[in-house]
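Each chain is listed here by its residues.
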Amino acid sequence: MAEPNPPAAPIVLAIAIRDRRWREALPEVRTVVRRAAAEALAVEGFAAGGEISFALVGDAEIRRLNRDYRRKDRPTNVLAFPGEAPGRRNGAPGLLGPALLGDVVIALETVTAEARAQAKSLADHLSHLVVHGVLHLLGYDHGAAKAANAMEARERCVLARLGIADPYVAAGSAAAEGVR
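## A look at the side chain of E155
So, step 1. Its location among the elements puts E155 in helix α6 (residues 145–161).
So, step 2. Buried and unpaired, E155 has R156 as its nearest opposite-charge partner, separated by 7.5 Å.
So, step 3. Beyond its immediate chain neighbours, meaning those up to four positions away, E155 contacts H128, V131, H132, L135 and Y168.

## Things to note about the sheet that holds strand β1 (residues 11–17)
So, step 1. Strand order in this open sheet of four strands is β1-β2-β4-β3, and the pairing throughout is mixed. Either end of the sheet is taken by a strand with one partner, and the two such strands are β1 and β3 (78–82). Strand after strand, the sheet turns through a mean of 15 degrees between neighbouring axes, direction not considered.
So, step 2. Taken together, the eight bridges between strand β2 (residues 50–57) and strand β4 (residues 99–107) define a ladder with parallel strand orientation.

## Re the packing of helix α5 (residues 122–137) against α6
So, step 1. At a closest axis distance of 10 Å, the pairing of α5 and α6 adopts a crossing angle of 130 degrees. Taken together, α5 and α6 sit at an angle that is classed as oblique. Viewed along their axes, α5 and α6 form a crossing whose handedness is right-handed. On α6, the residues touching S127, H128, V131, H132, L135 and H136 of α5 are M151, R154, E155, V158 and L159.
So, step 2. Looking at the contact of α5 with α6, its residues break down into five nonpolar, four polar and two charged.

Analysis parameters
- Residues numbered from 1 in each chain as written.
- Predicted model: local features only at pLDDT ≥ 70, side-chain atom pairs only at ≥ 80, totals over all residues.
- Heavy atoms only, no water.
- Helix = DSSP H or I, 4+ residues; strand = E, 2+ residues; numbered from the N terminus.
- Buried < 20%, exposed > 50% of the residue type's maximum accessible area, 1.4 Å probe, protein only.
- Lys, Arg positive; Asp, Glu negative; His and termini not counted.
- Salt bridge = Lys/Arg side-chain N within 4 Å of Asp/Glu carboxyl O.
- Contact = heavy atoms within 4.5 Å.
- Pairing = 2+ DSSP bridges.
- Axes fitted to C-alpha atoms, helices over the stretch in contact; angles between N-to-C directions.
- Parallel < 35°, antiparallel > 145°, perpendicular 65-115°, else oblique.
- Left-handed = near helix turned anticlockwise from the far one by under 90°.
- Nonpolar A, V, L, I, M, F, W, Y, C, P; charged D, E, K, R; others polar.

Geometric descriptors of this kind do not, in isolation, establish any biological role.
What follows is the structure, encoded as C-alpha cells:
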C-alpha cells in the first residue's frame, strides 16, 4: 500500500511595512496584500510551498531600487524581483525550506497618486499592483504586445474574483494604467 503524499506546504506571504504611512493610509494594508496575492496564486493554480516577500515602501526607497536594478532614476509603483523558478526546490531531495518565489516592492506615494488620478480606492489599486507583481514572479511579462495581453487577461480574471473592476477599461491599456 502506497503512503499518501504529504500535504503541500503553504505559501508564505511575508509583508514588511517599511514606510509607516502605509498603515495610516490603509489600516487594513496587510489584509489587502494577503488577499490579492493568495487569489493570484490560486487562479494560477500555484499550490506548492514557497515564499513571497512584500515590501511596502516610500518613493525614495523604490527610486533607489529602480535606479540600482533597472537603471531608471525615478520612482515607480511596483517592482518584482523573481527568485527561484516555481517548484524548483519543492520536493527536491536534500533541500530544506520553501522556494523563494521572489520579492515585490510597492511605493506608497506613487500608488496613492495613481489611485487618486484614476478615481480608484487605494485598496483596489494596491490589490491590482500586488496581483501584477505576483504574476511577474510566476513568469508573466509585458514586454511584447502578446505577452502584455496575456498578463492583462490574468490580472482581469484575478481582480474580478476579488470584486475589483477591470482597471484597463477606462485606461485602455497597461501603459495608461501605469503598471508597465
